[in-house]
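Take a look at the letters that make up each chain.
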Amino acid sequence: MDYIVPATCTETEFRSMWAEFEWENKVSVNTTLANLSAYLTSLLASTNMKCLTPDKALEGECGFMAANLYAKSIFGEDALANVSLEKNMAKPDSPVTGHIRIRAKSQGMALSLGDKINMSQKTRQKKMVADPRDRDHEEIALRGIRWLVLQS
């Protein structure tokens, strides 16, 4: 999203804006990715948002992940997202499930971010190879996570 830039705010500022913003758009996770971190990396890339949740809190494999994301538009409008993901650890090839709650002051911002997420999920699924067990795309996403961590 060209008009969205990653931004930073404190946890207190995030909570304050979350309570203040009127518009919410809830998007269901619809993916074939089987790795929580790979999905989060893909989401960050498609929305151009910044993950505010510390890397330490995102490490490990426990079957669920929660993260807060933040960005600003070039017009100064704030956009928040709360990502709640889960995975059935008993089935290693099962896809990530969950939802993303987006909040903004304007309906347009909340809806456009939701549309972008839905579109990127559909596009990603169309790009999948014929064999859904092929997880090369997840390894690429994990490399992206390592690169993002090194850049921080």
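No experiment lies behind these values; they were computed from the predicted model shown.

The rules behind each value
Residues numbered from 1 in each chain as written. Predicted model: local features only at pLDDT ≥ 70, side-chain atom pairs only at ≥ 80, totals over all residues. Heavy atoms only, no water. Helix = DSSP H or I, 4+ residues; strand = E, 2+ residues; numbered from the N terminus. Buried < 20%, exposed > 50% of the residue type's maximum accessible area, 1.4 Å probe, protein only. Areas by Shrake-Rupley, 256 points an atom, 1.4 Å probe, with all protein chains shown as cover. Core = buried A, V, L, I, M, F, W, Y, C linked by side-chain atoms within 4.5 Å. Contact = heavy atoms within 4.5 Å.

**A closer look at the overall build of the chain**
Step number 1: In terms of regular secondary structure, the chain is built from five helices and six strands.
Step number 2: In sequence order, the secondary structure elements of the chain are arranged as β-α-β-α-β-α-β-β-β-α-α.
Step number 3: Here the chain holds 152 residues, and 41% of them are scored as buried.
Step number 4: If you sum the accessible surface of the chain, you get close to 8800 Å²; carbon and sulfur atoms cover 54% of it.

**Quick word on the environment of S42**
Step number 1: By the element assignment, S42 lies in helix α2 (residues 36–47).
Step number 2: Among the residues examined, S42 registers a relative accessible area of 15% and is labelled buried.
Step number 3: For the pair formed by S42 and S120, sequence separation is 78 residues and the distance between their alpha carbons is 8.8 Å.

**Some points on the nonpolar core**
Step number 1: Judged by nonpolar contacts, the single largest core of 28 residues is most densely connected at Y39, L40, L69, L85 and I100.
Step number 2: Top element by residues in this core is α2. It accounts for five residues.
Step number 3: If we skip the residues at most four places from it in the chain, I100 touches N25, K26, V27, V29, Y39, L43, A81, N82, V83 and I117.
Step number 4: Formed by eight residues, the second largest nonpolar core is a distinct cluster that contains A7, C9, Y70 and L80.

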